[in-house]
Amino acid sequence: MTFDTVVENGRWFDGTGGPSAIRSIGIRDGRVAAVSPTPLDTDGRPNVIDAKGKWVIPGIIDIHTHYDAEVLAAPTLSESLRHGVTTIVMGSCSLSTVHVDAGDAADLFGRVEAIPHEHVVRIVGEHKTWNNAREYIDGLESLPLGPNVTAFIGHSDMRTSVMGLDRATRKDVTPTAAEQARMEQMLTEALDAGFLGMSSQQLLFDKIDGETCRSRTLPSTYAKRRELSRLKTLLRRTGRVLQSGPDISHPQNIVSQALQSLGIRGPLLKTSLLAAADMKSAPGTVWLTSGLAALVNRFGGDFRFQHLPVPFEVYADGIDLVVFEEFGAGAAALHLKDELERNELLRDEEYRRQFRKDYDTKFGPRAWHRDFFDAEIVACPDESVVGKSFGEVGVQRGGLHPVDAFLDLVLEHGTAIRWRTTISNHRPKMLRRLAQMHGLQVGFSDAGAHLRNMAFYNSGLRLLRHVRDAANEGQPFLSVERAVHRLTGELADWYGLDAGHLRVGDWADLVVIDPERLDDSLDAYHEANIEAYGGLSRMVNRNDATVNAVFVSGREVFRNGAPTEILGRERTGGFLRADGQPRNVPAPVSA
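Residues numbered from 1 in each chain as written. Predicted model: local features only at pLDDT ≥ 70, side-chain atom pairs only at ≥ 80, totals over all residues. Heavy atoms only, no water.

Novice: I tried to follow the overall build of the protein on my own but got confused; where do I start?
Specialist: The secondary structure content of the protein amounts to 20 helices and 23 strands. Since a compact globule built from 591 residues should have a radius of gyration of about 25 Å, the 24 Å found for the protein is in line with a globular shape. Taken along the three principal axes of its C-alpha coordinates, the protein extends 75 × 60 × 50 Å. Residue burial in the protein is summarised as follows: out of 591 residues, 63% are buried. A separation threshold of at least 6 residues defines the contact pool for the protein, and within that pool the share at least 24 residues apart is 75%. By element, 50% of the accessible surface of the protein is carried by carbon and sulfur atoms, the whole surface being about 22,000 Å². Charge separation in the protein, taken as the distance between the mean sites of 67 positive and 78 negative side-chain charges, equals 6 Å. (Helix = DSSP H or I, 4+ residues; strand = E, 2+ residues; numbered from the N terminus. Rg over C-alpha atoms; globule rule 2.2 N^0.38 Å. Buried < 20%, exposed > 50% of the residue type's maximum accessible area, 1.4 Å probe, protein only. Contact = heavy atoms within 4.5 Å. Areas by Shrake-Rupley, 256 points an atom, 1.4 Å probe, with all protein chains shown as cover. Lys, Arg positive; Asp, Glu negative; His and termini not counted. Charge placed at Lys NZ, Arg CZ, Asp CG, Glu CD.)

Novice: Mind showing me how you'd approach the sheet that holds strand S16 (residues 418–424) here?
Specialist: Backbone hydrogen bonds are what pair the strands of a sheet, in a parallel or an antiparallel way. In spatial order, the strands read S14-S16-S15; together these three strands make up an open sheet with antiparallel pairing. The open sheet has two edge strands, strand S14 (312–317) and strand S15 (376–379), and neither has a second partner. Averaged over all neighbouring strand pairs, the angle between strand axes comes to 35°, with direction disregarded. Bridge count for S14 against S16 is six bridges, and the pairing is antiparallel. Pairing of Ala 316 across the sheet is with Trp 419, part of S16. (Pairing = 2+ DSSP bridges. Axes fitted to C-alpha atoms, helices over the stretch in contact; angles between N-to-C directions.)

Novice: Please explain the nonpolar core as it appears in this structure.
Specialist: Within soluble globular proteins, side chains that are nonpolar tend to cluster in buried spots. Counting residues in each nonpolar core, the largest one holds 92 residues, and the members touching the most others are Ile 57, Met 90, Leu 140, Leu 187, Phe 195 and Leu 464. In terms of residue count, the dominant contributor to this core is helix H8 (residues 177–193) (six residues). In contact with Met 90, not counting residues within four places along its chain, are Thr 65, Tyr 67, Asp 68, Val 71, Tyr 136, Leu 140, Val 149, Thr 150, Ala 151 and Phe 152. In this structure, Ala 316, Phe 406, Ile 417 and Trp 419 belong to the second largest nonpolar core, which totals 43 residues. (Core = buried A, V, L, I, M, F, W, Y, C linked by side-chain atoms within 4.5 Å.)

Novice: Teacher, can you tell me more about the sheet that holds strand S8 (residues 148–151) here?
Specialist: Spatially, S6-S7-S8 is the arrangement adopted by the three strands of the open sheet, whose pairing is parallel. Where the open sheet ends on each side, the last strands, each with one partner, are strand S6 (60–62) and S8. Here the average twist between neighbouring strands, direction ignored, is 20°. The pairing of strand S7 (residues 85–90) with S8 spans four bridges and is parallel. Residue pairing in the sheet places Val 89 in a bridge with Thr 150 of S8.

Novice: What's the story with the environment of Glu 113 in this structure? I'm lost.
Specialist: Tracing the backbone through its elements, the reader meets Glu 113 in the loop between helix H3 (102–110) and helix H4 (117–127). Exposure remark for Glu 113: the relative accessible area of 3% places this residue in the buried category. Among residues more than four places away in sequence, those in contact with Glu 113 are His 66, Cys 93, Leu 95, Asp 446, Ala 449 and His 450.

Novice: Quick question: what am I supposed to make of the packing of helix H12 (residues 328–335) against helix H14 (residues 349–360) here?
Specialist: In helix packing, the relevant descriptors are the interaxial angle and the interaxial distance, both defined with respect to the helix axes. Where H12 contacts H14, the two axes come as close as 8 Å, and the packing angle between them is 130°. With respect to H14, the axis of H12 lies oblique. Facing H12, whose interface residues are Gly 328, Ala 329, Gly 330, Ala 332 and Ala 333, H14 presents Tyr 351, Gln 354, Phe 355 and Asp 358. For the contact of H12 with H14, the per-class residue count stands at five nonpolar, three polar and one charged. (Parallel < 35°, antiparallel > 145°, perpendicular 65-115°, else oblique. Nonpolar A, V, L, I, M, F, W, Y, C, P; charged D, E, K, R; others polar.)

Novice: Explain the pattern of salt bridges to me, please; I cannot follow it from the model alone.
Specialist: Taken as a whole and assessed by the stated rule, the structure comprises 40 salt bridges. Residue Glu 313 pairs with Arg 420 through a salt bridge whose shortest N-O separation is 4.0 Å. Note that Glu 313 is positioned in strand S14 and Arg 420 in strand S16, a separation of 107 residues in sequence. Residue class for Arg 420 comes out partly exposed when judged on its relative accessible area of 27%. We note a salt bridge from Glu 570 to Arg 555, for which the minimum N-O separation is 2.7 Å. In this pair, Glu 570 sits in the segment after strand S23 (562–563) while Arg 555 sits in strand S22 (residues 555–559), placing the two residues 15 residues apart along the sequence. Taking the relative accessible area as the measure of exposure, Glu 570 reaches 35% and is therefore partly exposed. By relative accessible area, Arg 555 is classed as buried at 17%. Several salt bridges converge on common partners, so that one network encompasses Glu 349, Arg 352, Arg 356, Asp 404 and Asp 408. (Salt bridge = Lys/Arg side-chain N within 4 Å of Asp/Glu carboxyl O.)

Novice: Would you explain the UniProt feature "domain: Amidohydrolase" (unreviewed entry) in the protein in this entry?
Specialist: Mapped onto this numbering, the UniProt entry gives "domain: Amidohydrolase" (unreviewed entry) at residues 48–216. Within the segment residues 48–216, helix and strand shares are 40% and 15% respectively, and the terminal C-alpha atoms sit 55 Å apart. (UniProt positions renumbered as here; feature names shortened; annotations may be inferred.)

Novice: I tried to follow the side chain of Ser 199 on my own but got confused; where do I start?
Specialist: Summarising the element assignment, Ser 199 is placed in strand S10 (residues 197–199). On the basis of relative accessible area, Ser 199 is assigned to the buried category, the value being 0%. Reaching out from Ser 199, the side chain makes a polar contact with the backbone oxygen of Gly 91 at a distance of 2.6 Å. The contacts of Ser 199, once residues within four sequence positions are left out, are Gly 91, Ser 92, Cys 93, Ser 94, Leu 95, Phe 152, Ile 153, Gly 154, His 155 and Gln 243. (Polar contact = N/O pair within 3.5 Å; in protein donor to acceptor, adjacent residues only side chain to side chain.)

Novice: Got a minute to help me understand the environment of Asp 107 in this structure?
Specialist: Looking at where Asp 107 falls in the secondary structure, it is placed in helix H3. According to the relative accessible area criterion, Asp 107 is buried, its value standing at 10%. For the pair Asp 107 and Glu 211, spaced 104 residues apart in sequence, the C-alpha to C-alpha distance is 8.3 Å. At 2.7 Å, the side chain of Asp 107 and the side chain of His 117 are in polar contact.

Novice: Sorry, what's going on with the pairing of S16 here?
Specialist: For a regular strand, the rule is simple: side chains alternate between the two faces of the sheet. Most of S16 is tucked away: six of the seven residues are buried. For S15 and S16, the ladder comprises three bridges, and the chain directions are antiparallel. Bridge pairing links Ile 377 to Trp 419 in S16.

Novice: How should the packing of aromatic side chains be read in this particular structure?
Specialist: Two aromatic rings, taken as a pair, are described by how far apart their centres are and by the angle between their planes. A complete count under the given rule lists 27 aromatic pairs for this structure. Their ring planes at 85° and their centres at 5.6 Å tell us that Phe 390 and Trp 419 sit as a pair that is edge-to-face. With Phe 390 in helix H15 (residues 390–396) and Trp 419 in strand S16, this residue pair connects regions lying 29 residues apart in the sequence. Overall, Phe 390 belongs to the buried group, its relative accessible area being 0%. Relative accessible area serves as the criterion here: at 1%, Trp 419 is assigned to the buried category. Aromatic pair Trp 494 and Tyr 495: ring centres 4.9 Å apart, planes at 80°, arrangement edge-to-face. Given the relative accessible area of 9%, Trp 494 is considered buried. Above the plane of the ring of Trp 507 lies Arg 31, whose end atom (NZ or CZ) is 4.1 Å from the centre. The side chain of Lys 270 reaches across the aromatic face of Trp 494, ending 4.5 Å from its centre. (Phe/Tyr/Trp six-rings, centres within 6.5 Å; stacked < 30°, edge-to-face > 60°. Lys NZ or Arg CZ within 6 Å of the ring centre and 35° of its normal.)

Now the structure itself:
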């Protein structure tokens, strides 16, 4: 047998969680053609990779991204691909670009996902040629996709398209019978085309950008029980997935969404919910969420919480950070786009009094721990404050309340003051426990969103490092085989994707990793300009020595941290349809 590529002598992981072994992998026509314990014939072969001492794993699957606009202008999605992510899920949190126009897409994505409004308008306006889900898939596959992509259809996308953004975000307006029927038709078309399911959102501090409906919550949060029930019925009938974010201000909403998975009066509802995390603000809640998932699944549900397997560290420029949306004073500041108006508000003593009151309130559900002593300044024109927390600056300035110290510095320096804090997943032992839990899905990178706030593109690699280090310390909590399975095959099987495995006959989405370079470089801070967004500098990860090669559908797209010549020129990925429908890829390599 002849091969297009041979990956020699690496430790091979098949994505099932089964034992790994030293094997040579032969790739032909985009698929794994051989997994051999003995050397394969490489005479005259165009591409041979020596993987001795390396791990050869299936491509990682990222189940939660917001690349919906970026993929249209920069379809290589190289910031994920370079870290071994070969399948990307879009359309999360009720947001997609299947039906809305460019202006509404920018209003929906701009503020909640911190993607520049003007660039979303431009990109969607320039590239959108579709009117339905099937045409959307065709549009994506007309681009030189780097990784595979797949998607949910967003509830807010459908609701906005059918009702108009203004009516879709009013509490006293419900869809007419015709509008309800049209949304159900849109969802049916998407499911028939191969979408994973529908994403919704009930989280009330996700706000709309733009002018007309600014600061209203996302359209899906206004949906009543009947509307949601009818849409979920379609998901139940087809066995597709509901991805949702609960209203954490009402914990009963989390319980309700978990229980709906049981299907007491009919088919169960596969549900993937945001998010299981070891929160600084509420350390005990992780046991409630994980226990809830275990209970529901024990009684016949099919319910998962999404989980980021690394510390949730965020950065902010001034006050521009989504966590401020969760309380009144913070949301009031972010409502104002004009810097002069915002600064006037930040100076107002009555406003500051309210901000201090919100900050000092430690009860009730919240994402941010609200501790400015746990917020380090990393850059500022006034270098005397760099390396200090806002709380420490307040002490040094005569005992100022931490809120006043923060607001004073924002007024002095605006977005030139940059700071960071870790919101959750800060305890390594708890991360180890979470990584073992059956009711949790490892993913939730938010890649493509919050461009100046976070970078978890390499979170899968960081989980592998954590597993390896724990084993080396004599405290193993997960085998490498099981960790690879959690990042690949487990997710592919649950979502019904033709990906995530590396056995004979499987598509050759493949990553070669140097385990010796699963090191501190994975944590280093980096920024890079993103051409698709006018050269905006965003947070990224750079650990180019860790990933030696990345293949998508048998085509090598990255080698030693650098893109190959085909990336961006030829399509290597495709839109993966749910339920294992055939993958649409270009002609076989050997042809």
